[in-house]
Amino acid sequence: MVALVYYPIAVTFSYSLREMKLTRPNDTDFVGFENYVSVLKSQDFWYSLQNTLFLLAAVVILTTLCGFFVAMILSKEHRLAGLFLAVAILPWAMPPIVNGIIWRFIFFPGYGFINKLLLMLGLIDTPVDWLSNRWLLLSVVAVVTAWRSAPFCAIVCLAGLKSIPKELYEAARIDGSGSFSSFRYITLPLVFPFIGIGTTSASITAINIFDEIVALSGFSDVGKNVLIQNYLTTFSFLDFGKGSALTYIIMGLTAVLGVFYLRSLNREVEF
Amino acid sequence: MKKRTALLGLTAALALTATACGSKTAEETATTAATAAETAAEETTEAEKEAPAEESESTGIDYAAAFAELSEENPMIVDEENQVVHMLCDINGKYFTESTGHGIVFKDGGNKDISIFRGYADEVDFYHALEDLGAKPGNNLTMDDMNAGAGEGKTTEGDKIEAVVTWDGQSDPLPLEDVLKMSTGTPLDLRFSGNLENAEKYNSGCVVCLSSCCVGIVSNAANPTGTWNDKNATFHADESVLPGDGEKIMVSFLLPGAGKAANTKTAAEPLPDLSGIELTMMVPDWGNPGEELLARFEEETGCKVNVTEVSWDDIRDKISIAAAGGQAAADVFEVDWSWVGEMNSAGWLAPIEMTEEDIADEPTLETFTIDGKILALPYANDYRIAYYNKDHFEQAGITEAPKTWDEVEAAMKAIKEAGICEYPYSMPMNADESATTSLTWLSWAKNGVVFNDDGTFNKEAVLDALTFENKMVTEGYVDPAMRTADGMTCYNKICSGETSFMVGPTKFVNFISNPEKTAEDVLGNVEAILLPGKDDVSDRTMPLPEAYGVSAFSENQEAAITFVKWLNSAEIEKELYLANGSIPNRNSVIEEMINDGTIKTPGAMLEQAKLIKSPFPNGVPDYYAEMTNAMYNNINQMVLGNQTPEEAFDAMDQKVKELLQ
């Protein structure tokens, strides 16, 4: 634990306080928090942070809604329930880079599947360039990522739905409760902690998006998030000092998010 | 593709890790190794014609010594090491004014008085000399073929032979065709025709015939049989070049690869004993020399090399992380041309000494040379060359290949307007490295400059190139989908017939003749030509090679340098091409492979290789990664219509000036 976690964290912090541009190996002076200030003043950081926050919101919403919806369908007793479950899980098993490449073909501006479909249906006259506009690209990235992360959310929510005792629904029905009331006052409160787990997972996935963006738009500025910016700074521009500072800033932001989720998970459920 | 997974911690217990995979695929760099023995003489150019004379100083052939050694008693020297046959001849002055189809005839042969040169060596001995050197005869013509009428003649087959001439006072060899006056206007394409049976039967003494022949040991494939019979062609000796009647000269017959013995010295020299040493090598799959070559190196030196295949720019990450801790990620590793500046500044590469001959033979070495230090040895050559679809051009009424960018633009207009091709120009414009290199070579070829000596952009040249690119997009000559497509998608359009002109990687020279890569109706229609320039064809092209470097932190630096020099030798470069498709960096090897048919449909490949020059006046800068990031993003924004060429230039210029500060 010390060697694999705490030592790298400490070394990264020490890098973040020094000049660490690898093309200037003799210039490794202590600079205090200058790297942090430089990152926070950088337009690239704020631009990539905006993209990250957009992706975070979009992926969490899409994943949660889709995951819960799929879980509701899968929770119904059915002969083919097992098959549906297997099919629903498949995207989750997909490596992110493969996922990105597949969707790149689907959204390819010239001969992509979506464009061909829309052209065939007469909804568009010329192919749409899905991957060149910032918000369109980010929306595509969000859909692609949600497609991969929703199955996990669905499985967790399904587990939650299956764990609700049937007696609760029977008692509610005897008391004159309708379907919506049962859903509102029994299903939703009891499955809420499970949704919280799915949402937490979706948040981590959203902040960690890398492969899908690279597969869809490379290292272009248009769709870069903080992780891409971090990679570019550290490994492409070889500036380990600023890269380490950016890593710590990202860690700080995600830690805040983590605490928020942990608190919400510990909340007592009332139904 | 680049693959990177990242974990960001929710708490301090989660640390950032990352892995990446590169933007280059194996397909992008690995080329198909052509193996057919079909020759490519049709593309012989003026520069190729002069090659023997130009290279004489750098080859291992000592013409003056050979000429001094020849005598009537010793009329022929067979130089096995250099793959050359030297023959003593004299001049028949009659043919300064009269015409004949006989080039060289043995002095005791039946045709001894009707040839331009009289050879002192027997034609049958000459045949065996060529055969002993490994040349393969054509033997495809018969006496019936010799009576062919106009337009019905056949051409001789057989291995290509270069013939050069020297004499007292002319120690630098001249190509044979430079001492002849030929009405055909076509360069000589001499072949080892063979014809031993007929030579012995007719005893004509014919050594060299100037048209395809069923008797001459060597004859000219550029002229079909019957050329001389119909008197459609005239051949004279050129008295303005040659010495007078009866003077002795030496004609040297060079086989493909002749004279390269000196250049292959690094491979031929006994390698040092490196027993007990184990080297590590980290390269992408296309840079793996293969088990056979590694086993051979181990056999010759006792040194074992362990290869780890790593995706292209994971290599860079691994090298940088290891180097940050003062460690070698591997003794030998991949060095892309674009990395050399930063790796030099970071002190990660050990310098390598090379001979002047090697440097002259490998123009791409310049890219890996900074402050006079050679930092890596190239193994995969790539330079920009133009490709055009002759069929599309001809349909638009254009019969010649474009020589200037104005001609390219006019051709694109004509082709598009005629409805021959919807998007006749193909150019990478996505926000990635290929957009940067496209702008760089365009400015370099079109205007002769990209960067000023102080490292800033040359505004006039670069802005002009940006404007040209933008115009190609706004006029609708480029497929808009290419604004977000990778480079290979753009380049492959020439093979599918979806575009009429492009400038692209050298490996497409092989692709355009490969039915697996090129559409059936496009095969044979695409030709590789010199890059267009401003007023004529450009006198330069940009190299984009990949190399093997030796880690400055390696504990086995000497052994590693021996290994990469061995891989870089002419002999091994050719084998590398056959093993993994790496296009050689030595012009001598490219020439040899074109001559022996290993590289098919080369077009202007060799001629273009001789025009390789680096666009970076002070070497590739160590801030290249940041510069290219600014370049490709702004180019992409321009072609998407979000910036004007001026705005794109200003943004790029500002970034470079910041980096220079």
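Q: Lay out the overall build of chain B in plain terms, naming residues and giving numbers.
A: When helices and strands are counted, chain B shows 25 helices and 25 strands. Here chain B holds 661 residues, and the buried ones make up 60% of them. Restricting the contact set of chain B to residue pairs at least 6 apart, pairs at least 24 apart contribute 74%.

Q: Explain the domain arrangement of chain B to me, using residue names and the numbers behind them.
A: All names here are of chain B. The assigned domain composition of chain B is domain 1 (61-254), domain 2 (267-381 + 552-605) and domain 3 (385-542 + 623-660). For domain 2 and domain 3, the distance between their C-alpha centroids amounts to 30 Å. For the pair domain 2 and domain 3, the summed buried surface comes to about 1,000 Å²; carbon and sulfur atoms form 64% of the total. The three residues of domain 2 that bury the most area against domain 3 are W337, T601 and A604, which together make up 40% of that side's buried surface. Counting every contact that joins domain 2 to domain 3 gives zero salt bridges.

Q: Please give an account of the pattern of salt bridges that cites residues and values.
A: As enumerated under the stated definition, the model contains 33 salt bridges over all chains in all. Note that K224(A) and D221(A) form a salt bridge whose closest N and O atoms lie 3.1 Å from each other. Overall, the relative accessible area of 22% leaves D221(A) in the partly exposed class. A salt bridge links R586(B) to D358(B); the shortest N-O distance between them is 2.9 Å. Separated by 228 residues along the polypeptide, R586(B) in the loop between α21 (570-580) and α22 (587-595) and D358(B) in helix α12 (residues 356-361) bring together distant segments of the chain. We note that R586(B), like D358(B), is buried.

Q: Please provide a residue-by-residue account of the packing of aromatic side chains, values included.
A: Applying the stated criterion across every chain yields a total of 37 aromatic pairs over all chains. Each ring, one from F235(A) and one from F240(A), has its centre 6.0 Å from the other, and the planes form 75°; the classification is edge-to-face. Residue F235(A) shares its accessibility class with F240(A), and that shared class is buried. On the numbers, 4.6 Å between centres and 55° between planes, the contact of F126(B) with F253(B) is tilted. Separated by 127 residues along the polypeptide, F126(B) in helix α5 (residues 123-132) and F253(B) in strand β14 (residues 248-254) bring together distant segments of the chain. Residue F126(B) shares its accessibility class with F253(B), and that shared class is buried. Through pairs of rings, three or more aromatic residues link up here, namely Y15(A), F210(A), F219(A), Y231(A), F235(A) and F240(A). When the ring centre of Y47(A) is taken as reference, the NZ or CZ atom of R134(A) above it lies at 3.9 Å. Stacked on the ring of F511(B), the Lys or Arg K517(B) has its end atom at 4.7 Å from the ring centre.

Q: Any details on the interface of chain B and chain A? Residues and values, ideally.
A: In many analyses, interface size is given as the accessible surface area lost on bringing the parts together. Contacts between chain B and chain A engage 43 residues on the former and 43 residues on the latter. Across the chain B/chain A interface, buried area totals approximately 3,600 Å², and carbon plus sulfur atoms make up 64% of it. Measuring nitrogen to oxygen at the nearest pair gives 3.2 Å for the salt bridge that ties R483(B) to D129(A). Counting across the chain B and chain A interface gives seven residue pairs in polar contact (both at pLDDT 80 or more).

Q: Can you break down a nonpolar patch on the surface residue by residue, with the values?
A: Residue and element names in this part refer to chain A. Taken together, the side chains of F113, L117, M120, L121 and L123 present a nonpolar region at the surface, about 570 Å² in accessible area. Position of L121 among the secondary structure elements: in the loop between α6 (113-120) and α7 (134-162). Looking at L121, the relative accessible area reads 54%, which means it is exposed.

Q: I'd like to hear about helix α1 (residues 2-16) of chain A, residue by residue, with values.
A: Compared with the 21 Å implied by 1.5 Å per residue over 15 residues, the 20 Å span of α1(A) between its first and last C-alpha is a close match. When we look at burial in α1(A), the residues that qualify are V5(A), I9(A), Y15(A) and S16(A).

Q: Before we move on, can you summarise the pairing of strand β20 (residues 376-380) of chain B with the specific residues and values?
A: All names here are of chain B. Of all five residues that make up β20, five are buried, and the element is covered over most of its length. As defined by bridge partners, β20 adjoins strand β25 (residues 546-550) across four bridges and the pair is classed as antiparallel. Pairing of A376 across the sheet is with G549, part of β25.

Q: Can you explain the sheet that holds strand β21 (residues 385-389) of chain B? Please cite residues and give values.
A: Hydrogen bonds between backbone atoms are what pair the strands of a sheet, whose relative direction is either parallel or antiparallel. All names here are of chain B. The strand order across the open sheet built from four strands is β22-β23-β21-β24, with neighbouring strands paired in mixed fashion. Looking along the sheet, the strands with just one partner apiece sit at the ends: β22 (425-426) and β24 (526-529). Both β21 and β24 contribute to a ladder of four bridges, which runs antiparallel. Looking at β24, one finds that Y387 is bridged to A528.

Reading the values: rules and limits
Residues numbered from 1 in each chain as written. Chains lettered and ligands numbered in written order. Predicted model: local features only at pLDDT ≥ 70, side-chain atom pairs only at ≥ 80, totals over all residues. Heavy atoms only, no water. Helix = DSSP H or I, 4+ residues; strand = E, 2+ residues; numbered from the N terminus. Buried < 20%, exposed > 50% of the residue type's maximum accessible area, 1.4 Å probe, protein only. Contact = heavy atoms within 4.5 Å. Domains from an automatic or database assignment. Buried area = accessible area lost by both parts, 1.4 Å probe. Salt bridge = Lys/Arg side-chain N within 4 Å of Asp/Glu carboxyl O. Phe/Tyr/Trp six-rings, centres within 6.5 Å; stacked < 30°, edge-to-face > 60°. Lys NZ or Arg CZ within 6 Å of the ring centre and 35° of its normal. Polar contact = N/O pair within 3.5 Å; in protein donor to acceptor, adjacent residues only side chain to side chain. Patch = residues over 30% accessible without salt bridge, like charges linked within 9 Å, V, L, I, M, F, W, Y side chains within 5 Å. Areas by Shrake-Rupley, 256 points an atom, 1.4 Å probe, with all protein chains shown as cover. Expected span 1.5 Å × (residues − 1). Pairing = 2+ DSSP bridges.

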